[in-house]
Amino acid sequence: MCTTLVLLELTAETINPLSLRALSAARAVSEDLAGLALGESASVARKACAYFPGVIHLVTSEEMGAEILAPALCQIMEQSGCTQLVAAATPFSRDLLPRVAALAGASFLSQLSVLEFPGEGKRAVLAGKGVVAVRSLLPVSIITIEPSAFPVAAPLAIEGEISLRTDPVEEFPGISRKIIPSAARGGPSLLDAAVVVGVGRGVGPVQSLPLPLAQLATLLGAAVGGTRATCDSGLFSPDLQIGQTGRVIAPECYIAIGVSGAVQHVAGVRGAALIVAIDKNELAGIFETADVGFVGMWEAVVPKLCELLGSNPR
Ligand SMILES: Cc1cc2nc3c(=O)[nH]c(=O)nc-3n(C[C@H](O)[C@H](O)[C@H](O)COP(=O)(O)OP(=O)(O)OC[C@H]3O[C@@H](n4cnc5c(N)ncnc54)[C@H](O)[C@@H]3O)c2cc1C
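Reference entry: report on the structure contained in this document. (Residues numbered from 1 in each chain as written. Predicted model: local features only at pLDDT ≥ 70, side-chain atom pairs only at ≥ 80, totals over all residues.)

### A short note on the site of the ligand
Here is step 1: In the vicinity of the ligand there are 28 residues, among which G200, G202, T227, G243 and S260 approach most closely.
Here is step 2: When residues of the shell around the ligand are traced back to their parent elements, those giving at least two are α7 (228–232), α8 (263–266), β14 (274–279) and α10 (298–311).
Here is step 3: For the shell around the ligand, the leading source of residues is α7, giving 3 residues.
Here is step 4: When the residues that make up the shell around the ligand are grouped by side-chain class, the tally is 8 nonpolar, 15 polar and 5 charged. (Near = placed C-beta within 6 Å. Helix = DSSP H or I, 4+ residues; strand = E, 2+ residues; numbered from the N terminus. Nonpolar A, V, L, I, M, F, W, Y, C, P; charged D, E, K, R; others polar.)

### Examining the sheet that holds strand β8 (residues 130–135)
Here is step 1: Spatially, 3 strands are ordered β6-β7-β8 in an open sheet, and the strand pairing comes out antiparallel. Each edge of the sheet is formed by a strand with only one pairing partner; in this case those strands are β6 (114–117) and β8. The average undirected angle you get between the axes of adjacent strands in this sheet is 25 degrees.
Here is step 2: Relative to β8, strand β7 (residues 120–125) runs antiparallel, the two being bridged by 6 bridges. Across the sheet, the residue bridging to E120 is R135, located in β8. (Pairing = 2+ DSSP bridges. Axes fitted to C-alpha atoms, helices over the stretch in contact; angles between N-to-C directions.)

### Some words on the pairing of strand β11 (residues 195–199)
Here is step 1: Across the 5 residues that make up β11, a large majority, 5, are buried.
Here is step 2: Covered by surrounding structure in β11 are V195, V197 and V199 together with V196 and G198, the residues of both alternating faces.
Here is step 3: Of the strand pairs in this sheet, β11 and strand β13 (residues 253–257) are connected by 5 bridges, and their pairing is parallel. Bridge assignment links G198 to a residue of β13, and that residue is A256.
Here is step 4: Where β11 and strand β12 (residues 223–226) come together, 4 bridges link them in parallel fashion. When the sheet's bridge partners are listed, V197 is paired in β12 with V224.
Here is step 5: With respect to chirality, the unit in which β11 leads through helix α6 (residues 211–220) into the neighbouring parallel β12 is right-handed. (Buried ≥ 20, exposed ≤ 12 C-beta atoms within 10 Å, placed from the backbone. Right-handed = clockwise from strand over helix to strand, strands pointing away.)

Given below as structure tokens:
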């Protein structure tokens, strides 16, 4: 039994660091926490025991869609007696948790940048220029937090216990066997990559990512996303748009290439620890936000960077 469950997304190698940001948020409002780890790897789930006295590991595979997982989560929440589930806002949780909230008859508070009391916090609006206070009116709340607003939680000096829930389909009554294939993945995802390359209209009217930019991303192990201009042009799909009406990211390093730095775009990258900008216009607004700036044509600057990185890989 616990009052707050923290959803941990497991990859094959590690706990998604965005989930550890959700843990920071939860620690501020609750001392009675347990981890709910979703993923395949038992060894990665065990890593969560350094953060919680108790961890529930629900063994899932990538093919399990929200339709399968939502009722399972709902039942785990009920059995644990928790009144709050906290998770990072990620594409996975955005798909899953509103369903859990609907099934559990719980409030759904999304993308909070401040968590003040259980079921109560604040959310940024108007590209970060305003803040609204939100409060759950129901006994159980499901909360997603804006990852860039919270630090990655540190482990505790403990070795918590793990309880295994092996098969959502077998274990939980009333769950259909329908498997939804996940979209084919290529490269790191925009939301959890340590480095993100942001591509703006300045790269020109191109139909595919210019080779030097693809090389730069490969050398850095970076995810690639775009401004609204490049998404609207069809260079990127809408889910790769960075900004106020797209993804809000918090990588260690964001590299903006041919991006003017409109307020709606910058709203999506403020959480980056380091912002690097490459733009031919020295007056481009992006240089006001950037920590490091290169004034010049990307066609000249990017190959030079690749050359330097090639001889000194990350
Ligand atoms: C309600 C609303 C919501 C919005 N939401 C978003 C959002 O979520 N995300 C988002 O990105 N935008 C959003 N926008 C759009 C935003 O206002 C800007 O129009 C958009 O971000 C501009 O994209 P850009 O920087 O790629 O293009 P531009 O503003 O056209 O900038 C291109 C830059 O490339 C530089 N450049 C040109 N050629 C080169 C070269 N060869 N080498 C180097 N630099 C070069 C130019 O100097 C310029 O600075 C939104 C707008 C509205 C009204």
